[in-house]
Amino acid sequence: MQVYDDEYFMRKALDEAEKAFNRGEIPVGVVVVIEDRIIARGHNLTETLNDVTAHAEMQAITAASDFLGGKYLTNCKMYVTLEPCQMCAGALYWSQISNLIFAANDQQRGYRKTGVHLHPKTKVISGVLAEEASALLKRFFIEKRNLN
């Protein structure tokens, strides 16, 4: 059995972020993993669905819960390309996710800036492929500014 590392799964999350980018959505992507198996994927759909809650993390939490048949994501790892906002961090808190691994910090809207906390048992790793995730976000906003 092959063992995958954090960079492997973050690249899968970056693939999801590219899907968002191609749809004109802010390019944030996520995968949820249990025992080295991706059980859920998501990317931002706020514009597509006209729904402010349709963040990548929210899409993936719902899909993972459906896959597992329960609301708790214990023993799961979430890989997301941008530090979750306070809404997504709140949902992650209630899901009791075991691990959160994110790429780029969100200096303005990230959950750490707002003082929101994750579940006490959730382990957090940041900075995995941060440069790639940041570059995609910057490219999106530069292109968006040039279109307006």
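- The protein chain is annotated in an unreviewed UniProt entry as tRNA-specific adenosine deaminase of Salegentibacter echinorum.
- Of the comments in the UniProt record for the protein chain, the one headed Catalytic activity (unreviewed entry) reads "adenosine(34) in tRNA + H2O + H(+) = inosine(34) in tRNA + NH4(+)".
- Under the Subunit (unreviewed entry) heading, UniProt states for the protein chain: "Homodimer."

Examining the sheet that holds strand β1 (residues 29–34)
In step 1: The strand order across the open sheet formed by 5 strands is β2-β1-β3-β4-β5, and the pairing between neighbours is mixed. A strand with exactly one partner marks an edge of an open sheet, and here the two such strands are β2 (37–43) and β5 (123–126). If you compare each strand with its neighbour and ignore which way they point, the axes differ by 15° on average.
In step 2: Here 6 bridges tie β1 to β2, and the two strands are oriented antiparallel to one another. Paired with Val-32 across the strands is Ala-40, a residue of β2.
In step 3: Contacts from helix α6 (residues 130–147) reach β3 (77–82) and β4 (99–104), with the element oriented near 60° to β4.

Quick look at the UniProt feature "active site" (unreviewed entry) in the protein chain
In step 1: UniProt's entry tags Glu-57 with the feature "active site" (unreviewed entry), counted in the numbering of this structure.
In step 2: As for its placement among the helices and strands, Glu-57 is situated in helix α3 (residues 56–68).
In step 3: The residues contacting Glu-57, other than those within four sequence positions of it, are Val-30, Met-78, Val-80, Leu-82, Pro-84 and Cys-88.

Remarks on the packing of helix α1 (residues 6–22) against α6
In step 1: Where α1 contacts α6, the axes come no closer than 11 Å and their chain directions differ by 5°. Taken together, the axes of α1 and α6 lie roughly parallel to each other. Between α1 and α6, the contacting residues are Arg-11, Leu-14, Ala-17, Glu-18 and Phe-21 on the first element and Glu-132, Ala-133, Leu-136, Arg-139, Phe-140 and Glu-143 on the second.
In step 2: Taken together, the residues of the contact of α1 with α6 sort by class into 6 nonpolar, no polar and 5 charged.

Quick notes on unusual backbone geometry
In step 1: One non-glycine residue, Asp-36, adopts positive backbone phi at about 60°.
In step 2: Within the element layout of this structure, Asp-36 appears in the loop between β1 and β2.
In step 3: Owing to a relative accessible area of 24%, Asp-36 belongs among the partly exposed residues under this scheme.
In step 4: At Gln-96, a position not held by glycine, the phi torsion is positive, near 60°.
In step 5: Here Gln-96 lies in the loop between α4 (86–95) and β4.

Considering the pattern of salt bridges
In step 1: Counted according to the given criterion, the structure contains 5 salt bridges.
In step 2: Here Arg-139 and Glu-18 are joined by a salt bridge, their closest N and O atoms 3.8 Å apart. One end of the pair, Arg-139, is in helix α6; the other, Glu-18, is in helix α1, and 121 residues separate them in sequence.
In step 3: Each of Glu-18, Arg-139 and Glu-143 takes part in one network of salt bridges that share partners.

As for the UniProt feature "binding site: Zn(2+)" (unreviewed entry) in the protein chain
In step 1: Under the local residue numbering, the UniProt record ascribes the feature "binding site: Zn(2+)" (unreviewed entry) to His-55, Cys-85 and Cys-88. In terms of the greatest pairwise C-alpha distance, the residues named above, spread along 34 residues, form a tight cluster of at most 9.2 Å across.
In step 2: Residue placement: Cys-85 occurs in the loop between β3 and α4.
In step 3: By relative accessible area, which is 16% here, Cys-85 ends up buried.
In step 4: Aside from chain neighbours lying at most four places away, what touches Cys-85 is His-55, Arg-109 and Tyr-111.
In step 5: For Cys-88, the location among the structural elements is in helix α4.

Rules used throughout
- Residues numbered from 1 in each chain as written.
- Predicted model: local features only at pLDDT ≥ 70, side-chain atom pairs only at ≥ 80, totals over all residues.
- Heavy atoms only, no water.
- UniProt positions renumbered as here; feature names shortened; annotations may be inferred.
- Pairing = 2+ DSSP bridges.
- Helix = DSSP H or I, 4+ residues; strand = E, 2+ residues; numbered from the N terminus.
- Axes fitted to C-alpha atoms, helices over the stretch in contact; angles between N-to-C directions.
- Contact = heavy atoms within 4.5 Å.
- Parallel < 35°, antiparallel > 145°, perpendicular 65-115°, else oblique.
- Nonpolar A, V, L, I, M, F, W, Y, C, P; charged D, E, K, R; others polar.
- Buried < 20%, exposed > 50% of the residue type's maximum accessible area, 1.4 Å probe, protein only.
- Salt bridge = Lys/Arg side-chain N within 4 Å of Asp/Glu carboxyl O.

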